[in-house]
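Letter by letter, the chains look like this.
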Amino acid sequence: MEYTLQRWPRGGQAPEETGPQAGGAPDSPESLHKQGILTARLNDLVQWGRKHSIWPFNFGLSCCYVEMATAFTSPHDVARFGAEVIRATPRQADVIVISGTPFLKMAPVIQRLYEQMLAPKWVISMGSCANSGGMYDIYSVVQGVDKFLPVDVYISGCPPRPEAFLEALMLLQQQVGAEQRPLSWTVGPQGIQRGPKLSRRDSKRAHRLAATTLRPPDEV
Amino acid sequence: MTAAVAAAPSASLIEALRARCAGQELVEERTADGMPTLWVPAGALRGLMRWLKAEASPRFEMLYDLYAVDERQRSRRAPGLPAADFSVVYQLLSVRGNADLRLKVALRGEYPHCPSLCEVWANASWYEREAWDLFGVVFDDHPHLVRIMMPRTWEGHPLRKDHPARATEFERFQLDEARAQREQEALRIDPEEWGMSPQGEDHDYMILNLGPNHPSVHGVFRVMLQLDGEEIVEAVPDIGYHHRGAEKMGERQSWHSYIPYTDRVDYLGGVMNNLPYVMALERLAGIEVPPRAQTIRVMLCEFFRITSHLLFYGTFVQDVGAMSPIFYMFVDRQKAYDVIEAICGFRMHPAWFRIGGVAHDLPRGWQQLVRDFVDWMPRRLDDYEKMALKNRMLQKRAIGVGAYDTATALEWGVTGPGLRATGCDFDLRKARPYSGYQHFDFEVPTATGGDVYDRCVVRVEEMRQSLRIIRQCLEHMPEGDYKARHPLTTPPIKDHTMRDIDTLIHHFLSVSWGPVMPAGESSAMVEATKGLNSYTLSSDGGTMSYRTRIRTPSFPHLQMIPAISRGLMVPDLIAIIASIDFVMADVDR
């Protein structure tokens, strides 16, 4: 089998080929591409797959679950984000959305469900109660699910709108896409490399401040 | 106040009660809601209750509510009432006589004893367990007095006045391995404890734990099942996974700032939850609500009845196997929310009613939005009838399953569509019109089978009636104020605030501390989405409630599950659970 070795620059353009070999060797990326074959690093491919197929666990606690379920139905169409495959068992799910109040009596159950999920797994905290206890600084409520679970995305609101849930899903996709999870032993740092946590307050600030006229409440 | 209260039981009933506990004194208490209220001696309680249920005129068929009050820190208790550290309150409802009766028992001591009513009313069991759990009142002869709301590992009784309210008053929550282990151990089922036996005479039973997280239990609800193959031998519902302490919360929020908490009790009912709360306060303060505000309230309540019933409809048919209807129904819910949002500014929990009226007038152009919705909806309901109700598979799963009659419903405290499906036409909007329901032309849908299918049929018909009511609101919306001109309304009137110091001071105090409600006790009941919902408020003449009692319909409905599911299959239980239409916040509060 004939082949030529080329250095493929990281994140850059393929080196321009010159001379009689232009058009590519029989199995250069260009010629493979022409045959309908895509080449990629396995790690990137897996990452891309994960990013676009985040399957949620069918789990709800209170009011927020209704808005989360609304996001699953046709007017909002969660299938656009590859997250319409709702799993009834934690073992098949990628993300658990803590949609509602984390009750003291429920906390060990939530933790057990999270433990049953297989890695890689992510947690979205949906709504004020799950974020911090919210309105319920009361004896029977844990003040935020992050007291016992690692949270990846927080959604504010009481309850947040379905659109906010979709935004959180997109943020999680970004995060999952940026994550580095070595598939095998690698040289360099081991373990999961996560991207920086983004603050929507900061990124939306300019846009929000630009709004000068707001719709008056006595118009529909 | 145009709201009609229940027909007061004749003086003869009170006389008859006096005669029945001869020698011991019955003390009558005046309450702002006008409900006959009597303090009775604990010793005579069981006899009186039996008599009231079986022989009195009118007969009180239903134990509507049972709760405790910690009386130790009362500052404005009416003179002449029996001395009490705790009291237990029993509210009875006569459906046939359309009357209420409230009996109270004064108890002394740190862990007072009170006779149990379990042998008189089947639904007393959970209420008494709740009062034990939250207040530490011991009910003698209760068959199984254990915690119901709090985890078994909990110490103390959280609704006592000397128990801390805030989570932040406790140590920061940590779920280390040892604690997780301990809590899991406390959640483990002991079949023997619940009268279930894994061993039969010649074969073993299976003990199945359904919940607290299961796709078809509609929230965090658990049923422990003893199964013979797939047949249910015994079912034991277990609740308390959704206890948010809403009643304790009422003791530290101002009268006004508690309104958003009511939204989250029946979280599908939205502003419908505000209504009994603000009505109870309006009765306490003597506020007359203007007709426009009343009609706006009715219109919004009926909108939420439709969104709640649509969610029930969709999830019910999904639970028995039909996937698609729920997707269509959520489109309609979205349309309803568009109207609700345009009017109230929020979707699920607008907290939009105010003491004395509503938060805002209707926006310009609301008529078209409402008209579009009421024109859109009926055709959709016709479609669903073909898609769901006439579906033979659904009929086979639902007809004749989980049936009970009116007497059983009343015994267990069932109200709302679950009661009307048995042929009893008790709808509070007709029986005791409140908030101007007497001006509307609508019917009370009933069915006769009392099974899963009929409960669905009744709700579907109720949606049509709600559309009728909304259309009448649209066509006859009165002009005038959207909030009463009374000093105790919230937010307070601001007309003269900037002109003289006296009104400025009052306005400032009323906004910062909240209104000061007169001392007394008041309650209000409404026909909520799931049944009868009422708030009973005790005021010591302050800016906060002394005791807030929320009677929710779903609590007794769940208690009834074992009685109607024994001998059926597991899939029937799923259909029954779906047909009850509950949300756990409405059960555990």
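Residues numbered from 1 in each chain as written. Chains lettered and ligands numbered in written order. Predicted model: local features only at pLDDT ≥ 70, side-chain atom pairs only at ≥ 80, totals over all residues. Heavy atoms only, no water.

J.: Would you explain the sheet that holds strand β2 (residues 122-126) of chain A in this entry?
T.: Hydrogen bonds between backbone atoms are what pair the strands of a sheet, whose relative direction is either parallel or antiparallel. Residue and element names in this part refer to chain A. Strand order across the open sheet formed by three strands is β1-β2-β3, with parallel pairing between neighbours. The sheet is open, and its two edges are formed by β1 (95-99) and β3 (153-155), each paired on a single side. With direction set aside, neighbouring strand axes in the sheet form an average angle of 15 degrees. Relative to β2, β1 runs parallel, the two being bridged by five bridges. Each bridged residue has a counterpart across the sheet, and for Val-95 the counterpart in β2 is Trp-122. Taken strand by strand, helix α3 (residues 63-72) contacts β1 and β2, and its axis lies near 130 degrees from that of β1. Those strands touched by helix α6 (residues 162-178) are β1, β2 and β3, and its axis lies near 170 degrees from that of β3. (Pairing = 2+ DSSP bridges. Helix = DSSP H or I, 4+ residues; strand = E, 2+ residues; numbered from the N terminus. Axes fitted to C-alpha atoms, helices over the stretch in contact; angles between N-to-C directions. Contact = heavy atoms within 4.5 Å.)

J.: What is the right way to look at the domain arrangement of chain B in this model?
T.: You'll often see interface size given as the accessible area lost when the parts meet. All names here are of chain B. Taken domain by domain, chain B comprises domain 1 (11-148) and domain 2 (260-485 + 518-557). On a C-alpha basis, the centroid separation for the pair domain 1 and domain 2 is 29 Å. The interface is formed by 37 residues belonging to domain 1 together with 31 residues belonging to domain 2. Counting each side, the surface lost to burial between domain 1 and domain 2 is near 2,900 Å², with a carbon and sulfur contribution of 51%. Our enumeration of links across domain 1 and domain 2 arrives at seven salt bridges. With a shortest N-O distance of 3.4 Å, Arg-549 and Glu-130 are connected by a salt bridge. Where domain 1 packs against domain 2, one counts 19 residue pairs in polar contact (both at pLDDT 80 or more). Those elements that place two or more of their residues in the side of domain 1 that touches domain 2 are β3 (62-70), β4 (86-94), β5 (99-107) and α3 (124-135). Broken down by element, the residue count for the side of domain 1 that touches domain 2 peaks at eight residues, all from β3. Along the lines of polarity and charge, the residues of the side of domain 1 that touches domain 2 split into 17 nonpolar, six polar and 14 charged. (Domains from an automatic or database assignment. Buried area = accessible area lost by both parts, 1.4 Å probe. Salt bridge = Lys/Arg side-chain N within 4 Å of Asp/Glu carboxyl O. Polar contact = N/O pair within 3.5 Å; in protein donor to acceptor, adjacent residues only side chain to side chain. Nonpolar A, V, L, I, M, F, W, Y, C, P; charged D, E, K, R; others polar.)

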